[in-house]
Amino acid sequence: MVRTARGVLHSGAVTLAIIGGVLWILGIVALLTGALPASDALAVADRVWPILLFVVAVTIVAELASKAGLFDVVAAWLAKLARGRTALLWVLVVALATVATAFLSLDTTAVLLTPVVVAMAVARRMDPLPFAFVTVVLANTASLVLPVSNLTNLLASEALGGGHDPVAFLALLGPSALIAIAVSVIVLAVVFLRRLPKTYPDAAAPTVSDRALLRISGVVTVALLPLLVIGLEPWMPAVAAAAVLIAVFAWRAPRVLGVRLVPWSLLVFAGGLFLAVGALEAIGIGQVTSVLAGTGDDLVSLWQLAGVGALAANGINNLPAYLALESVAGSPMRLAALLIGVNAGPIVTPWASLATLLWHDRLVAAGVEVRWSRFVLLGAVIAPLILLLGVLPLVG
């Protein structure tokens, strides 16, 4: 189960950057040949720069907070709070994964929380896989909660109009998000919780090299959470928090800072993808997707759209699936159904969500083996249940 750590990450980030580079080339060719009008390309750039800036800023905040030991300390505190009771620790880890996903995005949960909960479980002589599966499943299914939880949500909340209003977003998707989380937790508990011991031994507290850095990182992170849900453009508080932490680390731990904090591969991939999908829309991909996704706001039509979104996400990836289908969503209810499909649905194939690939990278680096067949089987149970039940509140 747990092997000696290899100390290396999977090549997923490099692969992502290569794919993004190819998409950039295709988009530029479309621009030069006139298939993608310059005005359309500028409209795409104007739409996506605040979103990508938020992704960069919140990634830097999460990475620096992690390097300060914040997530390790929180996980250790949860283990202490549970007082040796595994079931209670399980619930607390579920809550932590849900909050991290909702406010700091699904990629943060996959990248930063996964190694923390794995180390927490190993230190207490428990199988780390049940806790690892909590992070990957909730990283995807809990990403329906807020606009900042997922890149697709930021795109959708903009398409809905009125800016990135968390209240309006919650009013539309809150019940569906609750169902997605509940279904995930119930299935995970049935499959994994019974395999864990009822109690666990105590373990030493994590070593913190700079307590001042830890405290400041904690204050900045906690202060950022409410600022992301008060109606500001999400990039504004995220950039401010990143600037504060960069300044503090430049003072206390300058060696930590570097260009590696920026998620370059994700930026290259996302930028190229936006450009390439813009070109496809310009040449009429909407005619094809409209046939597949159907029309109407009735329950069957919403199931159809959510199902097509989930199939497309599992076939290629959730971000291109959303971009390809956004233009045929039309109404708020249809857009919500699409988000259920592309956010909570892509947990069947490994490549359906970038968060899943990042999660696997971190498990490899931690020396934890996981069979993709187990992931596929688990997702094949959870995803259909969420699609079936999660769409119901939209027509209630």
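Please read all numbers here as calculations on a predicted model, not as lab measurements. (Residues numbered from 1 in each chain as written. Predicted model: local features only at pLDDT ≥ 70, side-chain atom pairs only at ≥ 80, totals over all residues. Heavy atoms only, no water.)

Caption draft 1: Fine view of the environment of Ile60. By secondary structure assignment, the location of Ile60 is in helix H2 (residues 38–67). Residue class for Ile60 comes out buried when judged on its relative accessible area of 10%. When the C-alpha atoms of Ile60 and Leu261 are compared, they prove to be 5.7 Å apart, with 201 residues separating the residues in sequence. Apart from residues lying up to four places away in sequence, Ile60 is in contact with Ala242, Ile246, Leu261 and Val262. (Helix = DSSP H or I, 4+ residues; strand = E, 2+ residues; numbered from the N terminus. Buried < 20%, exposed > 50% of the residue type's maximum accessible area, 1.4 Å probe, protein only. Contact = heavy atoms within 4.5 Å.)

Caption draft 2: View of the nonpolar core. In this structure, Leu89, Phe131, Phe133, Tyr322 and Trp359 are the most contacted members of the largest nonpolar core, which totals 130 residues. Ranked by residues supplied to this core, first place goes to H2 with 12 residues. Setting aside residues no more than four positions away along its own chain, Leu89 makes contact with Leu78, Ala79, Ala82, Met120, Met126, Phe131 and Tyr200. Counting 5 residues, the second-largest nonpolar core is a separate cluster that includes Ala30, Ala41, Leu275 and Ala279. (Core = buried A, V, L, I, M, F, W, Y, C linked by side-chain atoms within 4.5 Å.)

Caption draft 3: Focus on helix H11 (residues 264–282). Helix length check: H11, at 19 residues, gives a terminal C-alpha distance of 27 Å against a target of 27 Å (1.5 Å per residue), a fit within 8%. Taking burial as the measure, the 19 residues of H11 include 14 buried ones, the bulk of the element. (Expected span 1.5 Å × (residues − 1).)

Caption draft 4: Expanded view of the packing of aromatic side chains. This model, assessed by the stated rule, comprises 7 aromatic pairs. Ring centres of Trp90 and Phe131 lie 5.9 Å apart, and the angle between their planes is 55 degrees; this geometry places the pair in the tilted category. Remark: Phe131 occurs in helix H6 (residues 129–141) and Trp90 occurs in helix H4 (residues 86–104); sequence separation between them is 41 residues. Ring pairs connect the aromatic residues Phe133, Phe192, Trp359, Trp372 and Phe375, which therefore count as one cluster. A cation sits over an aromatic face here: Arg252 above Trp251, 5.0 Å from the ring centre. (Phe/Tyr/Trp six-rings, centres within 6.5 Å; stacked < 30°, edge-to-face > 60°. Lys NZ or Arg CZ within 6 Å of the ring centre and 35° of its normal.)

Caption draft 5: Local environment of a nonpolar patch on the surface. A surface patch of nonpolar side chains, about 370 Å² in accessible area, is lined by Val381, Leu385, Leu388, Leu389 and Leu392. Position of Val381 relative to the elements: it lies in helix H17 (residues 372–390). Judged by relative accessible area, which is 43%, Val381 ranks as partly exposed. (Patch = residues over 30% accessible without salt bridge, like charges linked within 9 Å, V, L, I, M, F, W, Y side chains within 5 Å. Areas by Shrake-Rupley, 256 points an atom, 1.4 Å probe, with all protein chains shown as cover. Salt bridge = Lys/Arg side-chain N within 4 Å of Asp/Glu carboxyl O.)

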